[in-house]
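Reading the structure
Residue strings, one per chain:
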Amino acid sequence: MLHRYPKRVAIIMLVLTAVVATFPLWGEAVFGSQANFMLEKLTFMLILALFAMSLDLLVGVLGLVSLGHALFFGLGAYTLALASPDFSPASMWWMLPLVMGISAFVGLLIGVLVIRTKGIFFIMTTLAFGQMLYYFVSTSRFAGGTDGVFIMFRPSLTIGESALLDLDNPYSFFYFCLGMLLVGYLFLRWLTRSYFGQVLDGIHDNEHRMQALGYATGGYKLIAFVISGVMAAIAGMLAAMQYGFANPAQLGWHTSGEVLMMLILGGMGTIFGPILGAFAYEILLFTYEHMTTHWPILMGLTIILAVLVLPRGIAGSIIAPPWHRKRHITDEPVEDLNGRPSVQPLTNSKEG
């Protein structure tokens, strides 16, 4: 599940990355006057992909389903909004560490409590903490209440008097978000393939066995919870930078539900699957919204159909296509209890 993928996965992801990265070159020719709008949507897809990827560390890798992950997404947005100066841009050199530090601290406090639970209890406790922060922010005057907080200036990225990247430029901000997504992906790939990731994989499969082997599983789960929260907060900060405000809706349970659907659609436990799921979800959402006012029905039916047809998500169909599975079944006979050749049924192996 976490270690090796077929070469076609790398090829497909590299091609898709190249297509996205070169959008400024072909976007106007394809979309015409809508190119700027599509660039904005594409940038938001990159941000959501980072958000979904952070949740995959909990749900797909560790096996802990959270319905309160939007807490960290909104926390990153509000940290940026409340810490930014009123009449000048903040520096990204101190804003990014501040967002990471606050989200890590909050993740540590909440994680100490929630990792003691499992299954439905973990889902409900994370949902409870998320809703607690949602109602606190919604009723707080300093946070703007239900109206939220506006951000007058995007943070600057400079060295001395020289600007490394003009984040006010839509194209520069697009590449900045793309770079953050790639860094996040490479970090999670390294993390899941490391010794730490192998322990998380073991906890997902059988936590009691890992405890019997002498592993302090609570500590590993807590670290994973904090890392996941920090990455979600970075995504929230980027979302606030793009749209210029932080709103209580970013903390709501429905935001957590949407990112969970992106995981289901893309494929859990694959790291690259959530990226595909975020893009697919937003494309479907954009299409359905322009088709009918009853788009939630179509979206719900699509998710149900995806679960039935693609139980391992889009990523699962890339890792093990149906024709590949059929060939695997027919080409690998094994012996039964009497020594006669028989066909070994395909199981959910941890390829990747």
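What this report covers is the structure whose coordinates are included nearby. (Residues numbered from 1 in each chain as written. Predicted model: local features only at pLDDT ≥ 70, side-chain atom pairs only at ≥ 80, totals over all residues. Heavy atoms only, no water.)

Digging into helix H4 (residues 70-83)
With 14 residues, H4 ought to run about 20 Å at 1.5 Å a step, and its terminal C-alpha atoms sit 20 Å apart, in line with that. Counting buried positions over the 14 residues of H4 gives 12, a clear majority of the element. Every buried residue of H4 is listed here: Ala70, Leu71, Phe72, Phe73, Gly74, Leu75, Gly76, Ala77, Tyr78, Thr79, Leu80 and Ala81. (Helix = DSSP H or I, 4+ residues; strand = E, 2+ residues; numbered from the N terminus. Expected span 1.5 Å × (residues − 1). Buried < 20%, exposed > 50% of the residue type's maximum accessible area, 1.4 Å probe, protein only.)

Description of the layout of surface pockets
A water-sized probe, rolled over the atoms, reveals where empty space remains. Taken as a whole, the largest pocket spans an internal volume of roughly 880 Å³. Lining the largest pocket are 35 residues, with Met13, Leu16, Thr17, Val20 and Ile275 sitting closest to its centre. Counting only elements with at least two residues in the lining of the largest pocket, the list comes to helix H1 (7-21), helix H2 (23-31), helix H3 (35-62), helix H7 (170-193) and helix H11 (273-289). Among the elements that make up the lining of the largest pocket, the one with the highest residue count is H1 (9 residues). Its residues placed into classes, the lining of the largest pocket shows 29 nonpolar, 2 polar and 4 charged. (1 Å grid on protein atoms, 1.4 Å probe; cavity = no way out; pocket = protein on both sides within 12 Å on 5 of 7 lines; lining within 4 Å. Points joined across faces, edges and corners; volume = space filled by probe spheres on them. Nonpolar A, V, L, I, M, F, W, Y, C, P; charged D, E, K, R; others polar.)

Quick look at the pairing of strand E3 (residues 162-165)
Within a regular beta strand, the side chains point alternately toward one face of the sheet and then the other, so they alternate between its two faces. In this structure, strand E2 (residues 157-159) lies alongside E3, joined through 3 bridges in antiparallel fashion. Residue pairing for E3: Thr158 is matched across the bridge by Ala163. The antiparallel hairpin formed by E2 and E3 contains 2 residues in its connecting segment, where Gly160 sits at a positive phi of about 65°. (Pairing = 2+ DSSP bridges.)

A short note on the packing of aromatic side chains
For any pair of aromatic rings, the description rests on two quantities: the centre-to-centre distance and the angle between the ring planes. Here the structure, examined in full by the defined rule, presents 16 aromatic pairs. Ring centres of Phe136 and Phe142 lie 6.1 Å apart, and the angle between their planes is 55°; on these two criteria the pair is classed as tilted. Overall, the relative accessible area of 46% leaves Phe136 in the partly exposed class. The exposure class assigned to Phe142 is exposed, which follows from its relative accessible area of 52%. Following the ring pairs from residue to residue traces out a cluster consisting of Tyr195, Phe196, Tyr215 and Tyr220. If you follow Arg154 out to its NZ or CZ, it ends over the ring of Phe173, 4.3 Å from the centre. (Phe/Tyr/Trp six-rings, centres within 6.5 Å; stacked < 30°, edge-to-face > 60°. Lys NZ or Arg CZ within 6 Å of the ring centre and 35° of its normal.)

Some points on the side chain of Ser103
Locating Ser103 in the fold gives a position in helix H5 (residues 92-114). Polar contacts involving the side chain of Ser103 include one to the main-chain carbonyl oxygen of Val99, which spans 2.8 Å. Among the polar contacts listed, one links the side chain of Ser103 to the backbone oxygen of Met100, at a separation of 3.0 Å. Leaving out residues up to four positions away in the same chain, Ser103 has contacts with Phe72, Leu75, Gly229, Val230 and Ala233. (Polar contact = N/O pair within 3.5 Å; in protein donor to acceptor, adjacent residues only side chain to side chain. Contact = heavy atoms within 4.5 Å.)

Overview of the pattern of salt bridges
For the structure shown, the criterion picks out 3 salt bridges. Between Lys118 and Glu207 there is a salt bridge, with the nearest N and O atoms lying 3.5 Å from each other. With Lys118 in the loop between H5 and helix H6 (119-138) and Glu207 in helix H8 (residues 195-212), the pair connects residues that are 89 residues apart, well separated along the chain. For Lys118, a relative accessible area of 40% corresponds to the partly exposed category. Look at Glu207 and you get buried, because its relative accessible area is 12%. The partner of Lys221 in a salt bridge is Glu207, with the nearest N and O atoms 3.3 Å apart. With a gap of 14 residues between them, Lys221 in helix H9 (residues 217-243) and Glu207 in helix H8 connect regions that are remote in the sequence. Of the two residues, Lys221 and Glu207, both sit in the buried class. Linked by salt bridges that have partners in common, Lys118, Glu207 and Lys221 make up one network. (Salt bridge = Lys/Arg side-chain N within 4 Å of Asp/Glu carboxyl O.)

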